[in-house]
Amino acid sequence: MTSIRYAARAVEQQRNREVEAVQSEIWSRALTIVFETDPDLVGAVLPPPLEPSSHSTARLRFATVDMGTGLKPFGAGWFGVRARHGDVEGEYALFMPMTTEQATIGGRETFGEPKKIADLTLAVDADRVSASIERMGFRVAEVSGQLGAELPGYERDKIDFYFKLMPSCTGAGLEADPVFVYCHRKEKARTRRAVDGELKLIDSPLDPIADFPVRRVVSMEYGELASHQSGEPKGTVPAGTLLPYVHQRYDDLSVLGAKS
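What you see is a predicted model, and the numbers here were worked out from it, not measured in a lab. (Residues numbered from 1 in each chain as written. Predicted model: local features only at pLDDT ≥ 70, side-chain atom pairs only at ≥ 80, totals over all residues. Heavy atoms only, no water.)

Draft legend 1. Main features of the nonpolar core. Leu31, Phe62 and Phe79 are the most contacted members of the largest nonpolar core, which totals 44 residues. Element by element, the count of residues in this core is highest for strand 11 (residues 179–201), at five residues. When residues no more than four places from it in sequence are discounted, the contact partners of Phe79 are Phe35, Ala58, Arg59, Leu60, Ala93, Leu94, Phe95, Ile209 and Phe212. (Core = buried A, V, L, I, M, F, W, Y, C linked by side-chain atoms within 4.5 Å. Buried < 20%, exposed > 50% of the residue type's maximum accessible area, 1.4 Å probe, protein only. Helix = DSSP H or I, 4+ residues; strand = E, 2+ residues; numbered from the N terminus. Contact = heavy atoms within 4.5 Å.)

This is the structure in structure tokens:
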């Protein structure tokens, strides 16, 4: 009998490769910048039930990730702000640029991560490091600097907050109340070096992370990091409550003069 690979599969043949991948120890090279910013702007981008943390900081990361599968490493970025849910401290991601379809789709569909396909570079030449993110024809961020002193490694647990949602097929609203997700991450660093460099956030009409002023750079460092993660649903939030924030993960092409 001819085999057709789109045919139905038995349950025992089905695998969630996204979950399998992120639950393994995945090593990456990463340049990470934490900076203080305007607390009012942080509060303005947080959907309920999230609230501002006592630390008004944002974090930007440029990384290249090797999944250990033999495939070419891909670029991965992260931008978000400190937030809290009750007494639980974490971070809320606004922008997660990825260079491959596989890295983008799996995270969006499984965890509700706000991933988008983009171009990301991270390069080290002797003691110089540089990185950039570009998307839809716009440079979004760039860093250049000098590698400095070695820093101690670390192991830490952290939480990212996500909302797993689906737009309605009618074009208005959402299909159902979104799931509020705690993404538990275990991260460790085996090498770290301080970076003396310059961060530029560049205005982009589609990915406006430059709206957050860099008041003071708290830390800038380059390292080899490993992480694995697991998602925990924490109930749902009313669709109407999240609707004012849904544009954070989709492109409004009308700002480019295009019909959308």
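So much for the structure itself; the text now carries on.
Draft legend 2. Focus on the pattern of salt bridges. This model, assessed by the stated rule, comprises 22 salt bridges. For Asp251, the salt bridge identified is with Arg135, shortest N-O distance 2.6 Å. Remark: Arg135 occurs in strand 8 (residues 128–135) and Asp251 occurs in the segment after helix 4 (239–242); sequence separation between them is 116 residues. A relative accessible area of 28% means that Asp251 is categorised as partly exposed. With relative accessibility at 7%, the residue Arg135 sits in the buried group. The closest approach of N and O atoms between Arg185 and Asp160, which form a salt bridge, is 2.6 Å. (Salt bridge = Lys/Arg side-chain N within 4 Å of Asp/Glu carboxyl O.)

Draft legend 3. Layout of the side chain of Arg135. Within polar-contact distance, the side chain of Arg135 engages the side chain of Asp251 at 2.6 Å. Setting aside its immediate chain neighbours within four residues, Arg135 contacts Phe95, Lys116, Ile117, Ala118, Val140, Leu206, Asp207 and Asp251. (Polar contact = N/O pair within 3.5 Å; in protein donor to acceptor, adjacent residues only side chain to side chain.)

Draft legend 4. Layout of the environment of Ala7. Here Ala7 lies in the segment before helix 1 (17–22). Each C-alpha atom of the pair Ala7 and Val143 lies 47 Å from the other, and the pair is 136 residues apart in sequence.

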